Amino acid sequence: MDITGAELFVKALKEEQVDTLFAYPGGQAIDLFDALYGEDDINVILPRHEQGLVHAADGYARSTGKVGVCLVTSGPGATNLVTGIATANYDSVPLVCFTGQVPTGLIGNDAFQEVDIVGITRSICKYAVTVYKREDLAGIVKKAFYIAKTGKPGVVVVDLPKDIQREYGSDGYPEKVEIRGYKPDCSVHTGQIKKAMELLNHAQRPVFLIGGGVKISRANKEMLKLAEITGVPVITTIMGKGAIPAVHDLYVGNIGIHGSYAANTAISKCDVLFSIGTRFNDRITGKTEQFASGASIIHVDIDAASISRNIAVDVPIVADAKMAIDKLIEKAKPLDIKAWVEQIGEWKKQYPVTMKKDGMTPEKIIQAVNRTFDNAVITTDVGQNQLWATQFLDLNERKQMLTSGGLGTMGYGFPAAIGAQIGNPETDVVVISGDGGMQMNIQEMATAIVYELPITICILNNGYLGNVRQWQEMFFDRRYSSTCMRYRKSCIANCNTPTECCPQYTPDFIKLAESYGAKGIRVTDEKEIMPALETAKNNRKVPTVIEFIIDREENVMPIVPPTNALNNMILESEDS
Amino acid sequence: MKKRWLCLFVENEIGVLAGISGLFSGKSYNLGSLTAGVTEDRTISRITMSLTSDDRTFEQVKKQLNRRVEVIKVVDYTDVAIHMKELMFIKVSGCSAKDMEEIFRISQIFDITVMDYNRDAVLIESVNTENYNNDLIALLGKCFANRIEIVRGGSVAVEALSITDR
């Protein structure tokens, strides 16, 4: 039977078991929305901005493991996805983004709402394609889902010209997909596994370094097993945090420029660094020449291009983390490394990641989140809020964190939480955001209200773009250039110190929340932290915004100053 | 730093070439020359490209190319026996009778063909290696300074059958 392209689009979504579609209509997508009208099997979510939309699809995908699906119109609808596409692709999140496009006959004519979205997104997604022929539509959609979710997951953009949406053609949808240039590797080189385990089994001072790849391949249990059999301490990147429970004895902490002293020192002094699912990003290596300089490095990664790019590797293993870990477990045995484990424990005890100050510190707020929520998805925004969250959240199998690690996209946290809550209606969803990032997608409060999402939104309000301000304080002689969120025209020029007389913060987050129909609680005293979180947890109909007024110049510590080696850390702020 | 050669088999689709050249500019790789053409299989294009890089960057280039969905195969031609030729046209204008004689003499010694000429200009075709063409440009540039127009096609290459030299 012949059906329109739009009808085939809906059929394809169903064939791919898409139950939720994040979608914002427009002129060149109107036929697709028409085909979705009255469709019971697909929950169509209408956010308030396409950027919020794509982050929501991202949060949905990360928290459920399913492919997140977006549908927007051409031109501005498509370009508003760009930041979210880059965010998701950078963190290997499977998304398929459908964009409406002007009819094929008008492409290249500078038509109304025409942009070359395939050209724009080519370098920030896994695959981007325009459908030029109706008969290719089914095959391309099938390919899109396959590419997005296999191998190193990523974003696929499918551009759908309006005439293709309207044209009649076959209703067939392929069962199989065959792409000659794309063969996700499903094998593990046993010789390399053997070499790796021989190296590990003879190590005196080994560590595991675990990245987001382990979580993406859902290998948390296997990773824990491997760590427990061998007894080798586990360090994570921020994307890998939670791969084994953060309270586990073998867990050392995060590596990186805001990593723990114990983790960074252990990496610097280890003799075998066994890394799985990390690309050795500059934020974790510090000065690369001195990174794990005395160690033999084993690197498991699904992406061959990640291996020996930033750090030269001795034993490369190109494989999916879960498959590799399964094979590693077969050859794993307990190691005799008592002295080394004790040494790391000593460093942990001596230099714990903590904020000692009195008052309502971010640490106390995040610890209260740990206590209040047992089964939760916690999203973060980007900046100090994110770094504190990655330092203090106790993550485990039941508590996962979604964060924009690669691109570092402010405005990610709140819409991602919306997607996570839609995908996990029974789970508590908590946002840890700053006052800056919260304002970048604040319009999604309406989305949270209309879909009755009981999200707990913790805004750590210090009235600054805190992370940049911290750098200005530490490395730019306190020149607070464009980082004060309380600045007004009447302020003195070149202000570099907050005072009692600083202008009032705008907006008033509580009134703003209330204007949307959400609940708003302002917390200024540490005693109010737990009651506020409890109230939020029990508020099941609408989101709750908790604005925590924190110290304006709180810093994230420890820190590795730029261009320094990983173990060259500043441990405490000067004033503490 | 070393000059390298790659042969790519890619899907013959819209945007594939843009994707590959975009990869080079986006990642700041140094692309020397690139030629593309359809193969005996209409759905596949074959690209010959040259680039100059260190070993580590070259490994990345190959991996990044392999990573692309539209790239079917990447073959490193840097150190294998291949036949490689570049088509080049050279137009020399403002020629006197003596210049003409000179050019025809050069064409007897060098492996080039005079394809066309009129009263004061000569059009030469050279199908040779890139280095040979470089030398030819140097020579003609000296003899006929500011009077030559060059069109270079970029090299195409194919694996050798019996010869082992490049």
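Residues numbered from 1 in each chain as written. Chains lettered and ligands numbered in written order. Predicted model: local features only at pLDDT ≥ 70, side-chain atom pairs only at ≥ 80, totals over all residues. Heavy atoms only, no water.

### A few points about empty space enclosed by the protein
All names here are of chain A. In this structure the tally under the stated criterion is one cavity of 30 Å³ or more. Contributions of two or more residues to the lining of the largest cavity are made by α1 (5–15) and α8 (162–166). For the lining of the largest cavity, the leading source of residues is α1, giving three residues. Considered class by class, the residues forming the lining of the largest cavity number six nonpolar, two polar and no charged. (1 Å grid on protein atoms, 1.4 Å probe; cavity = no way out; pocket = protein on both sides within 12 Å on 5 of 7 lines; lining within 4 Å. Points joined across faces, edges and corners; volume = space filled by probe spheres on them. Helix = DSSP H or I, 4+ residues; strand = E, 2+ residues; numbered from the N terminus. Nonpolar A, V, L, I, M, F, W, Y, C, P; charged D, E, K, R; others polar.)

### Topic: helix α18 (residues 413–423) of chain A
Most of α18(A) sits inside the fold, with ten of its eleven residues counted as buried. Where α18(A) is concerned, the buried positions are A:G413, A:F414, A:P415, A:A416, A:A417, A:I418, A:G419, A:A420, A:Q421 and A:I422. (Buried < 20%, exposed > 50% of the residue type's maximum accessible area, 1.4 Å probe, protein only.)

### A word on the interface of chain A and chain B
Interface size is commonly expressed as the accessible surface area that is lost when the partners come together. In this assembly, 18 residues from chain A lie in contact with 20 residues from chain B. Surface buried jointly by chain A and chain B totals about 1,500 Å² across both partners, of which 47% is contributed by carbon and sulfur atoms. For the interface between chain A and chain B, the tally reads three salt bridges. Summed over the shared surface of chain A and chain B, the result is eight residue pairs in polar contact (both at pLDDT 80 or more). (Contact = heavy atoms within 4.5 Å. Buried area = accessible area lost by both parts, 1.4 Å probe. Salt bridge = Lys/Arg side-chain N within 4 Å of Asp/Glu carboxyl O. Polar contact = N/O pair within 3.5 Å; in protein donor to acceptor, adjacent residues only side chain to side chain.)

### Here we look at the sheet that holds strand β7 (residues 155–161) of chain A
All names here are of chain A. Spatial strand order, β3-β2-β4-β5-β7-β6: six strands in an open sheet with parallel pairing. A strand with exactly one partner marks an edge of an open sheet, and here the two such strands are β3 (43–45) and β6 (127–130). The sheet shows a mean angle of 20° between the axes of neighbouring strands, direction not considered. Judged from the seven bridges that link them, strand β5 (residues 95–101) and β7 form a sheet pairing that is parallel. Its bridge partner being in β7, L95 is matched across the sheet by V155. (Pairing = 2+ DSSP bridges. Axes fitted to C-alpha atoms, helices over the stretch in contact; angles between N-to-C directions.)

### Things to note about the packing of helix α11 (residues 220–230) of chain A against helix α14 (residues 321–330) of chain A
Residue and element names in this part refer to chain A. Put simply, α11 and α14 touch, their axes get as near as 9 Å, and they point 30° apart. Relative to α14, α11 is oriented roughly parallel. Considering the relative orientation of α11 and α14, their crossing is left-handed. Side by side, α11 and α14 meet where E222, M223, K225, L226 and I229 of the first sit next to K322, I325, D326, L328 and I329 of the second. (Parallel < 35°, antiparallel > 145°, perpendicular 65-115°, else oblique. Left-handed = near helix turned anticlockwise from the far one by under 90°.)

### Focus: the domain arrangement of chain B
Residues and elements named next belong to chain B. Splitting chain B by domain gives domain 1 (2–80) and domain 2 (83–159). Centre-to-centre, using C-alpha coordinates, domain 1 lies 29 Å away from domain 2. Listed per partner, the contact involves eight residues of domain 1 and nine residues of domain 2. Buried surface at the junction of domain 1 and domain 2, both sides included, amounts to about 690 Å², of which 55% is carbon and sulfur. When the buried area of domain 1 at its contact with domain 2 is split by residue, W5, T35 and Y77 rank highest and sum to 56% of it. In this structure, the connection of domain 1 to domain 2 is made through two salt bridges. Put simply, E130 and K3 hold a salt bridge, and the shortest N to O gap is 2.4 Å. Looking at side-chain class alone, the side of domain 1 that touches domain 2 contains three nonpolar, three polar and two charged residues. (Domains from an automatic or database assignment.)

### Quick notes on the packing of aromatic side chains
Residues and elements named next belong to chain A. Summed over the entire model, instances satisfying the criterion amount to 14 aromatic pairs over all chains. Geometrically, the ring pair formed by F98 and F145 is tilted, given 6.4 Å between the ring centres and 45° between the ring planes. Here F98 is found in strand β5, whereas its partner F145 is found in helix α7 (residues 137–149), with 47 residues between them in sequence. Relative accessible area serves as the criterion here: at 0%, F98 is assigned to the buried category. (Phe/Tyr/Trp six-rings, centres within 6.5 Å; stacked < 30°, edge-to-face > 60°.)

### So, the domain arrangement of chain A
Residue and element names in this part refer to chain A. Looking at chain A, the domain boundaries give domain 1 (2–170), domain 2 (190–350) and domain 3 (362–549). For domain 1 and domain 2, the distance between their C-alpha centres works out to 37 Å. Contact with domain 1, which involves nine residues of that partner, is made by six residues of domain 2. Of the roughly 640 Å² buried where domain 1 meets domain 2, counting both sides, 53% is carbon and sulfur surface. Scanning the region where domain 1 abuts domain 2 turns up zero salt bridges. Counting every contact that joins domain 1 to domain 2 gives two residue pairs in polar contact (both at pLDDT 80 or more). Its residues assigned to classes, the side of domain 1 that touches domain 2 shows two nonpolar, four polar and three charged.

### Structural notes on the layout of surface pockets
What the second largest pocket holds in volume is close to 1,400 Å³. Every element with two or more residues in the lining of the second largest pocket is listed here: α5 (82–90) and β6 of chain A together with α1 (16–26) and α2 (55–67) of chain B. It is α1(B) that contributes the most residues to the lining of the second largest pocket, five residues altogether.

### Considerations on the environment of B:R4
Residues and elements named next belong to chain B. Here R4 shows up in strand β1 (residues 2–11). When its relative accessible area of 4% is taken as the criterion, R4 is described as buried. Between the alpha carbons of R4 and S50 there is a distance of 5.5 Å; along the sequence they are 46 residues apart. Of note is the side chain of R4, whose polar atom sits 3.4 Å from the backbone oxygen of K2. A distance of 2.9 Å separates polar atoms of two side chains, one belonging to R4 and the other to D55.

### A word on the pairing of strand β7 (residues 122–128) of chain B
Residue and element names in this part refer to chain B. The alternating pattern of β7 places V122, I124, S126 and N128 on a buried face, while none of L123, E125 and V127, on the opposite face, is buried. Bridge count for strand β5 (residues 82–92) against β7 is seven bridges, and the pairing is antiparallel. What sits directly across from M88, in β7, is S126. As paired elements, strand β6 (residues 113–117) and β7 share four bridges and run antiparallel to each other. Residue V114 lies in a different strand from β7, and its bridge partner there is I124.

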